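Architecture at a glance
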2 protein chains.
Amino acid sequence: MTTNPAPRSGRLGARQIYEALRDQITARVYGTDGLLPSSRALADEMGVARSTVTVAYEQLAAEGFIETRHGARPRVARAVVERARGRVAPRPPTRIAPLSKFGERLRQDAPVWTEPPRGLVANFRYGELSPSDFPVLAWKKAVVAAIARRPERLAYDDPCGSLRLRTALQGYLWRSRSVRCDVDQIVIVNGSQQGLDICARLLLDAGDRFVMENPGYLMAHHTFAATGAIAVPIPVDADGLETERLDGVTARLAYVTPSHQYPLGGVMPVGRRQQLLAWARKTDAHVIEDDYDSEYRYDAKPIPPLQALEGSDNVIYLGTISKTLSPTLRIGYLVVPARLRPLFRAAKQIMDRHTPLVEQDALAAMLESGAYDSHVRRARRRNAERRQALIDALRRRFGDRVRIEGAAAGLHVVAWFDGLPQTREEALIRAALAKGVGIYPVSALFDAGARGRRRPQRAIGLVMGYAALEPAQIERGCRLLAQAVDEIAAG
Amino acid sequence: MTTNPAPRSGRLGARQIYEALRDQITARVYGTDGLLPSSRALADEMGVARSTVTVAYEQLAAEGFIETRHGARPRVARAVVERARGRVAPRPPTRIAPLSKFGERLRQDAPVWTEPPRGLVANFRYGELSPSDFPVLAWKKAVVAAIARRPERLAYDDPCGSLRLRTALQGYLWRSRSVRCDVDQIVIVNGSQQGLDICARLLLDAGDRFVMENPGYLMAHHTFAATGAIAVPIPVDADGLETERLDGVTARLAYVTPSHQYPLGGVMPVGRRQQLLAWARKTDAHVIEDDYDSEYRYDAKPIPPLQALEGSDNVIYLGTISKTLSPTLRIGYLVVPARLRPLFRAAKQIMDRHTPLVEQDALAAMLESGAYDSHVRRARRRNAERRQALIDALRRRFGDRVRIEGAAAGLHVVAWFDGLPQTREEALIRAALAKGVGIYPVSALFDAGARGRRRPQRAIGLVMGYAALEPAQIERGCRLLAQAVDEIAAG
């Protein structure tokens, strides 16, 4: 018997012997009788203690590779021998067992994730936050307390989320968003993405239609389209979704961001809200209201959501802490109509049992103590400064050449460069990146089909997120962006 | 104007005024002209400062309820008035907008979650752990370090999981389970449940067939069946799945627990493993290998999984920390064939972006330092004691009347009471519960269809989990269980 690689000590251990024998058995080096050496003979041959061989043999027997009988030599198990005899050449590994239709759709149109670029002077990518805003001490304290808490048993919890967190959120939603709901209407999810996915699965089948804002949130589009349903893109203006265009549209759901349309930033007035709700009631559609950045409103108090209006029986409200604490924590929440609650519970149980308990507990503690509310106020002040820095810098660097949209709320603005034709967009992105500035065009968020047909924009528009940047970075970034604009305008 | 409820201070704030006005506007108390009082008049009427009313009016205007013009009285917004005019009685809320087929299947056959009973003398429910085993200090230290770590930005991470955790797991899987894989084959999921769900979605369509062990793991059955696929139950014996019965079976996937069949506890010998892999290759099926409790093996070294055998191209390996650390943390991992990796990544991104980062980081740190391995060794010792306590207690209390299966590994045994007919099962569960003992019959884990047809069991069998109990509780629980058995045998 040969072994390879040799053990470091120079002497073989039971594991090496076991592995070598296993490899030899599967390579069929033992003859038709399948007999292996006795443990004594093998121990002599290998220069190891007989007990070492015995351990290896016991392991092989436990796994069914060999059969042992007291006093007899071990023998390769009959099933292994027979298998080897009937053996055919394995199929080439390139052959792929079939996928589901969902899998095939994802294969053809997967969402993109790329490692975020590091070390830029200023990256205006939306959706990311500054670590300097994260309340490290308060979160640490809350998490440590949660870990130290000793339940009677470590057991699966309610799929809808811990009662403690749902109770704390119920109060928060009422005082901050005028949402009145029962604790049992709240479902804790792993960030708003899981909220979208659970809605997609419960409400959409292949061939169904869903209404999307155009331009709109790409991951929502991906999530709904992955079910095989078909997008109905509806344009948005400065007041959000143009709800009058819903007349005659049938769809199973509409996805909307009424508090601050993503990406154009419009706030939907109550007339359109009522029109949307009336459409949903009439057509038996659900409305998913993504209230993703409602904590950030700079000119007036936050607007109460659709969910708080009369006639909102078909509304599913979606909130997240990704914009207040961190997108890496993966906590969001749904407020669902009471009649749908058993279904959301069952779906969440199938999807992953429940959201991790320590984070739920920590967030509940921060909501109970008021630490969350005061953190939100602090984050709002800091983001108001960043927003002002961005608006000032854009004005200073571009003057009338820039038109700013959607700045009343949220964590991003849209900057339109009306003098720059959209054909120069790629060149601008490259020129900016060469100077260490990450910019992201709004054109990517238009529906591909509608974009081709209607050409809704001819100028370059940028979605400029500012929540991960300090004011000085924002200023430097805009200065460099202005240089890039000059370059491509001259080029 | 009347307000209700009155504010605590006795004077109205802007919020109360805003809410009262909003309610009145939606209740259409303003006439056809839609004119509201001037801010001065309303302030006089309410006995508040004019600025308080102005704030309320500004908010109503921001939300589109009213239109304001300098110097004129505010007016209900035209859209709101028109909406009110064209108003029809809302539909009764009992009407339910249609669900997806997935939603309808869940409505008809939802998995069950019930609040675990508290305060029992001994609850033998499987799948729960003792908080006294949890390494509070080590986990706290790892989590605190993870929270304190400051990335450049708080941003979404790789959907497949953090590179650090995947690297640490790669080493762990090799040293503990002989699994050799690339870090890019590892996908971090929220517990094994999400691993099952992601496989179900990528591999199964309605009408497809999936092979289940019978009896087997109910949540896997639920998860696959929720896609509309149809279970093909295959019996198990003391060597796990009876793979010779796969001849002629076509299915898209097979779900197996070869290291320790759940629930009967058989360890699948290598001959059957090869037979299973050959079947999968021949029929283009995937094999999901759930290695859920592989850390617990008391008589021999752990058996290398299917994934480590030759010809395992179609195997998806599934592991979890729910049995070593805690089911409440929600971390598991898949090892997928390299060709499927882009799909699993896309699916995970759609499902919830990624698993929470702090836990991933903490687990990686524990794996790197060796703290996880030494914790597993300690947990194995403690569970070996519990297992011995259970076997001893069952022997002492029942002698030959009990037959114990599946005790070589895992965190549960199956105790068969061959003298007790299955018709007395309900009575025994009730009698035990009355004494403070929670017991769970194996009969619930048989496939409903196959159970009716084949009557594979006539005696009462109990799945007895011991990992959440201390030896003294186990002893007391068995004593009380013996009393319950005596009662129903006499009754």
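Structure: see above.
Below: a short report on this structure. Source: prediction; values computed, not measured. Counting from 1, residues in each chain are numbered in the order their sequence is written. Chains and ligands are labelled by the order in which they are written, letters from A for the one and numbers from 1 for the other. pLDDT decides what is reported in this predicted model: residues at 70 or higher carry local features, side-chain atom pairs at 80 or more are listed and counted, and totals for whole chains, interfaces and linings draw on all residues regardless. For side-chain calculations, the full set of non-hydrogen atoms in the structure is used, while hydrogens and water are omitted.

1. Quick look at the side chain of S294 of chain A
All names here are of chain A. In this text, helices come from DSSP runs of H or I with a minimum length of four residues, and strands from runs of E with a minimum of two, each type numbered from the N-terminal end. Residue position: S294 is located in the loop between β9 (286–290) and β10 (315–320). The buried label applies to any residue whose accessible area, calculated with a 1.4 Å probe on protein chains only, is under 20% of its type's maximum; exposed applies above 50%, and partly exposed to all values in between. For S294, a relative accessible area of 7% translates into the label buried. Of note is the side chain of S294, whose polar atom sits 3.3 Å from the side chain of D291. Here a polar contact means two N or O atoms within 3.5 Å. Within protein one must be a hydrogen donor candidate and the other an acceptor candidate, and residues neighboring in sequence count only if both atoms are side-chain atoms.

2. Some details on the relation of the copies chain A and chain B
The atoms used to superpose the copies are C-alpha atoms, taken from residues with pLDDT of at least 70 in both, and the fit is least squares. Laying chain A over chain B is done by rotating through 180° and shifting 0.1 Å along the axis; what remains is an RMSD of 0.2 Å. Considering both components of the superposition, the chain copies are consistent with a two-fold axis. Among all residues of chain A, the one whose C-alpha sits closest to the rotation axis is V144 of chain A, at a distance of 3.8 Å. Interface overlap between copies: 99% of the residues of chain A at the interface are likewise at the interface in chain B, consistent with a symmetric, same-surface contact. Contacts: residue pairs with any heavy atoms within 4.5 Å of one another.

3. Points about the packing of helix α13 (residues 371–398) of chain B against helix α16 (residues 471–490) of chain B
Residues and elements named next belong to chain B. Each axis is a line fitted through C-alpha atoms, taken for helices only over the stretch in contact, and angles between the N-to-C directions span 0 to 180 degrees. Running from amino to carboxyl end, α13 crosses α16 at an angle of 25°, the nearest separation of the two axes being 9 Å. The angle between the axes of α13 and α16 places the two elements in the roughly parallel class. Viewed along their axes, α13 and α16 form a crossing whose handedness is right-handed. The segment α13 lies against α16, with R386, A389, L390, A393, L394, R396, R397 and F398 engaging P471, I474, E475, C478, R479, L481, A482 and V485. When residues are sorted by character, Ala, Val, Leu, Ile, Met, Phe, Trp, Tyr, Cys and Pro go into the nonpolar class, Asp, Glu, Lys and Arg into the charged class, and all the rest, Gly among them, into the polar class. Class assignment for the residues of the contact of α13 with α16 results in 11 nonpolar, no polar and five charged. Roughly parallel refers to an angle under 35 degrees, roughly antiparallel to one over 145, roughly perpendicular to one between 65 and 115, and oblique to any angle outside these ranges. Should the near helix be turned anticlockwise from the far one by less than a right angle, the crossing is left-handed, and should it be turned clockwise, the crossing is right-handed.

4. Describing the sheet that holds strand β13 (residues 412–421) of chain B
All names here are of chain B. Strand pairing follows a simple DSSP-based rule, namely that at least 2 bridges must link the two strands. Within the open sheet, the three strands sit side by side as β12-β13-β15. Their pairing is antiparallel. Edge positions in the open sheet fall to β12 (403–405) and β15 (459–465), since each of these has one partner strand only. On average, each strand axis in the sheet is tilted by 25° relative to the strand beside it, whichever way the strands run. Of the pairings in the sheet, the one linking β12 to β13 comprises three bridges and is antiparallel in character. Note on β13: the bridge partner recorded for E405 is V414.

5. Some words on unusual backbone geometry
In this chain, N214 of chain A is followed by P215 of chain A through a cis amide linkage whose omega measures 0°. Each neighbour pair has its own omega, and for Y262 of chain B with P263 of chain B the value is 10°, a cis peptide bond. Structurally, the position occupied by P263 of chain B is in the loop between β8 (253–256) and α10 (270–283). In this structure, R353 of chain A takes a positive phi of about 70° despite not being glycine. You can see R353 of chain A is positioned in the loop between α11 (341–352) and α12 (357–369). A residue is classified by how much of its surface remains accessible, and R353 of chain A, at 11% relative accessible area, is buried.

6. Points about the interface of chain A and chain B
Of the residues lining the interface, 124 residues belong to chain A; the matching set on chain B comes to 126 residues. Note: buried area is the sum, over both parts, of the accessible area (probe 1.4 Å) each one loses when the two are combined. Where chain A abuts chain B, roughly 11,200 Å² becomes buried across the two surfaces, and 57% of that area is made up of carbon and sulfur atoms. Note on definitions: salt bridges are taken to be side-chain nitrogens of Lys or Arg within 4 Å of carboxyl oxygens of Asp or Glu. Linking chain A with chain B are four salt bridges, by the criterion used here. For the pair chain A and chain B, the interface holds 34 residue pairs in polar contact (both at pLDDT 80 or more). If one sorts the elements of the side of chain A that touches chain B by residue count, α11 of chain A sits on top with eight residues. Taken together, the residues that form the side of chain A that touches chain B break down as 61 nonpolar, 26 polar and 37 charged.

7. Quick look at the pattern of salt bridges
Where side chains of opposite charge bring their charged atoms close, a pairing between them can arise. Residues and elements named next belong to chain A. This structure, assessed with the given rule, holds 58 salt bridges over all chains. Close ionic contact of D133 with R386 constitutes a salt bridge, the shortest N to O distance being 2.7 Å. Residue D133 is found in the loop between β3 (122–123) and α6 (136–148), and its partner R386 is found in helix α13 (residues 371–398); the two are separated by 253 residues along the sequence. Exposure class is identical for D133 and R386. Each is buried. The residue R164 makes a salt bridge to D361 at a minimum N-O spacing of 3.5 Å. A residue pair is termed long-range when its members are at least 10 positions apart, and R164 in helix α7 (residues 163–177) and D361 in helix α12 qualify at 197 residues. We classify D361 as buried; its relative accessible area is 6%. Here the salt bridges share partners, and the residues they tie into one network are D158, R166, D184, R341 and R345.

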